[in-house]
Amino acid sequence: MKKILLFGAGKSATVLIEYLKKKCLEYTWQLTVADNDLKLVESKLRGAQYTTAAAIDINNGEQRMQLISQADIVISMLPASLHFLVAQTCIETGRHLLTASYVDKNIQTSASLIKEKGLLFLCEMGLDPGIDHMSAMQLIHRIKNDGGNITSFYSHCGGLVAPESDDNPWHYKISWNPKNIILAGKAGAVYKKDDETLSMPYELLFDENRTIHIPDYEKYAWYPNRDSLSYSVLYGLERCGTFIRTTLRHPDFCYGWKQVVALKLTDEVKRYDTDQLSYRTFFQQHLSHHGLTDNSSPKQKEMLAYLKLYSDDAIGQGVLSAAEIIQLSAEDRLMLHTKDRDMIIMMHEIMHKESNVHKKISSSLVVKGDNKLETAMAKTVGLPLGIAAVMILKDEIKLRGLHIPVVPEIYEPVLEELGKEGIVFREEEIEL
């Protein structure tokens, strides 16, 4: 009996757990889901056949060893900072590991040991990173195999709210880690445009006028995402004149968040004792501390008001940073309600030259969630992990070492299986 161990039962794991439950029933395999919240795990497994719920303190090496040593493959849906703990024990016990997170620098130092032990550590196997890599590389390899020369590459991705559930001035609802949403973009961005390497500071990222149009949907704004250039090498596009990976938001979100950044409301220094503090008083203290004035436009004031910054509601959560206070407000005001649907949009725009003809390929993906639990985010983050885990256990993916899914041996079968789950790209090509 093959045994799968999943660490983490949070929002993004919901669809993954359902997929693995189904596959374990089909193949008579065993699934163990471990989390520090046992009740959460039990609520997701619901006593399904061939499943076990386990409580774990991930920092406890003995507990990790006990669970991992009994598994054939391990999937970590824990916060990225905890993957290395799991990876160490997987290396020690000789177990394959999958994550949806960017490759951890500490795991990177163990790459040669992972390969020596005949293990597969497959990282960046979610949505972004994950499906973006696989779908982009499939296009890139096809264009190159047809003799094309790629001159410009844009890859856009965003976790959004479906239009039918869009009912707030931010045009946004939270479907994944709230802290990451609040702090997104703080490191700025590096990318290549018209053969020039450019850096964009945090303060300039959120521009509502930088937009793309998705077929059958409205315009969405984009901002450059982290360090695009590291992926130009991985994608074999280091000579490409323009290479930009981006995050998508509604233009109004960017317009409002630009003001949040300008008012330093994502500052991470814990300086506000909120036990006797209202949101309004916090905002006044915050502006005074930074020597700022609230010069928000009427529209921005409406958006800040929606986040309770002019409200007398009590905060009452001890000493917090401005970013943590904004996160509290966002989790309350921008939450998905029971029947709300989120939406994932991904789009690749690739300009290439083939036989002296200039062409542009646009390949787009739209996935909607079913409700606040079975979200599009959970589908697109979880399913690639689940599909890859099953294929590894069935020996259909034989690759070994530390990898991300940019090679045909991984992306071809996984994309084919994702298509069966309704995750399908729509492609258009035009001559320029």
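Scoring rules and cut-offs
Sequence positions are assigned chain by chain, starting from 1 and proceeding in written order. Under the rules for a predicted model, residues below a pLDDT of 70 receive no local features and side-chain atom pairs below 80 are neither given nor counted, while totals for whole chains, interfaces and linings still include all residues. The side-chain quantities take in all heavy atoms of the structure and omit both hydrogens and water. Every helix listed is a DSSP run of H or I at least four residues long, and every strand listed is a run of E at least two residues long, numbered separately from the N terminus. C-alpha atoms define the radius of gyration, and 2.2 Å times the number of residues to the power 0.38 defines the globule rule. Burial classes: relative accessible area under 20% of the type maximum marks a residue as buried, over 50% as exposed, and values in between as partly exposed (1.4 Å probe, protein chains only). The contact criterion used is simple: two residues touch if any of their non-hydrogen atoms lie within 4.5 Å. For the accessible areas, the method is Shrake-Rupley and the probe is 1.4 Å, while residue cover comes only from the protein chains on display. Within this scheme the basic residues Lys and Arg register as positive and the acidic residues Asp and Glu register as negative, but His and the chain ends are omitted. Think of each charge as sitting on NZ of Lys, CZ of Arg, CG of Asp or CD of Glu. We call two N or O atoms a polar contact when they sit within 3.5 Å, provided that within protein one can donate a hydrogen and the other can accept it, with sequence-adjacent residues counted only if both atoms are side-chain atoms. By the convention used here, strands pair only if DSSP detects at least 2 bridges between them. Look down the strands so they point away from you; if going from the first strand over the helix to the second traces a clockwise path, that crossover is right-handed. Only the contacting stretch of a helix is used when fitting its axis, a line to C-alpha atoms as for every element, and angles between N-to-C directions run 0 to 180 degrees. Oblique is the label for any angle not under 35 degrees, not over 145, and not in the 65 to 115 range, which are roughly parallel, roughly antiparallel and roughly perpendicular in turn. Every helix has an expected span of 1.5 Å times one less than the residues it contains.

A.B. asks: Would you mind showing me how to read the overall build of the protein here?
C.D. replies: Along the backbone of the protein there are 16 helices and 18 strands. A compact globule built from 432 residues would reach a C-alpha radius of gyration of about 22 Å, and the protein, at 22 Å, matches this within 12%. Its C-alpha atoms put the protein at 60 × 60 × 40 Å along the principal axes. The proportion of buried residues among the 432 residues of the protein is 55%. A separation of at least 24 residues holds for 72% of the contacts in the protein among residues at least 6 apart in sequence. On the protein, roughly 18,600 Å² of surface is accessible, and the fraction owed to carbon and sulfur atoms is 47%. With 49 positive and 57 negative side-chain charges, the protein shows a separation of 1 Å between the mean positions of the two kinds.

A.B. asks: What am I meant to see in the environment of T338 here?
C.D. replies: Within the secondary structure layout, T338 lies in the loop between α14 (322–333) and β15 (342–354). A sequence separation of 33 residues divides T338 from N371, and the C-alpha atoms of the two residues are 6.1 Å apart.

A.B. asks: Which parts of the structure should I look at to understand the environment of H250?
C.D. replies: In this fold, H250 is placed in the loop between β12 (242–249) and α11 (251–262). What makes H250 buried here is its relative accessible area of 9%. Linking H250 and G158, residues 92 residues apart in sequence, is a C-alpha distance of 9.4 Å. Not counting chain neighbours up to four residues away, the residues in contact with H250 comprise L160, W170, H171, E218, Y220 and A221. Polar side-chain contacts of H250 include one of 3.0 Å to the backbone nitrogen of D252.

A.B. asks: Is there a simple way to explain the pairing of strand β1 (residues 3–7) in this structure?
C.D. replies: Looking along a regular strand, one sees side chains alternate from face to face of the sheet. Burial of β1 is extensive: four of the five residues sit out of reach of the surface. Of the strand pairs in this sheet, β1 and strand β2 (residues 30–35) are connected by five bridges, and their pairing is parallel. Opposite K3, over in β2, you have Q30 as the bridge partner. Tracing the backbone out of β1, into helix α1 (residues 14–27) and back to the parallel element β2 gives a crossover that is right-handed. Where β1 lies against strand β4 (residues 73–76), four bridges are found, and the strand directions are parallel. Looking at the pairing, F7 lines up with S76 of β4.

A.B. asks: Help me understand the sheet that holds strand β3 (residues 51–55), please; the structure alone is not making it clear to me.
C.D. replies: For sheets, the rule is that strands pair by backbone hydrogen bonds, running either parallel or antiparallel. As summarised here, the arrangement of the seven strands in space is β3-β2-β1-β4-β5-β6-β17, forming an open sheet in which the pairing is parallel. Both edges of this open sheet fall to β3 and β17 (401–403), since each of them pairs with a single strand only. Neighbour-to-neighbour, the strand axes of the sheet open up by a mean angle of 15 degrees, direction not taken into account. Of the strands in this sheet, β1, β2, β3 and β4 touch α1, which is tilted by about 155 degrees from β2.

A.B. asks: In this structure, what is going on with the environment of I182? I would like to understand it.
C.D. replies: Residue position: I182 is located in helix α8 (residues 178–183). Judged by relative accessible area, which is 3%, I182 ranks as buried. C-alpha of I182 to C-alpha of L292: the two residues are 110 residues apart in sequence and 20 Å apart in space.

A.B. asks: Honestly, the packing of α11 against helix α13 (residues 298–306) in this entry has me stumped. Any pointers?
C.D. replies: Angle between the axes and distance between the axes are the two parameters that describe a pair of packed helices. Interaxial distance between α11 and α13 falls to 10 Å at its minimum, and their mutual angle equals 80 degrees. Comparing the axis directions of α11 and α13 gives the class roughly perpendicular. Where α11 abuts α13, its residues D252, F253, Y255, G256, Q259 and V260 lie against K299, Q300, M303 and L304.

A.B. asks: I tried to follow helix α15 (residues 376–393) on my own but got confused; where do I start?
C.D. replies: For an α-helix, the turn length of 3.6 residues means that residues three or four places apart are oriented alike. Its 18 residues give α15 an end-to-end C-alpha distance of 26 Å, which sits within 8% of 26 Å, the value for a rise of 1.5 Å per residue. Judged by how many residues are buried, α15 sits mostly within the fold: 18 of 18 residues are covered. With its phi angle positive at about 65 degrees, D395 sits one or two positions after the end of α15.

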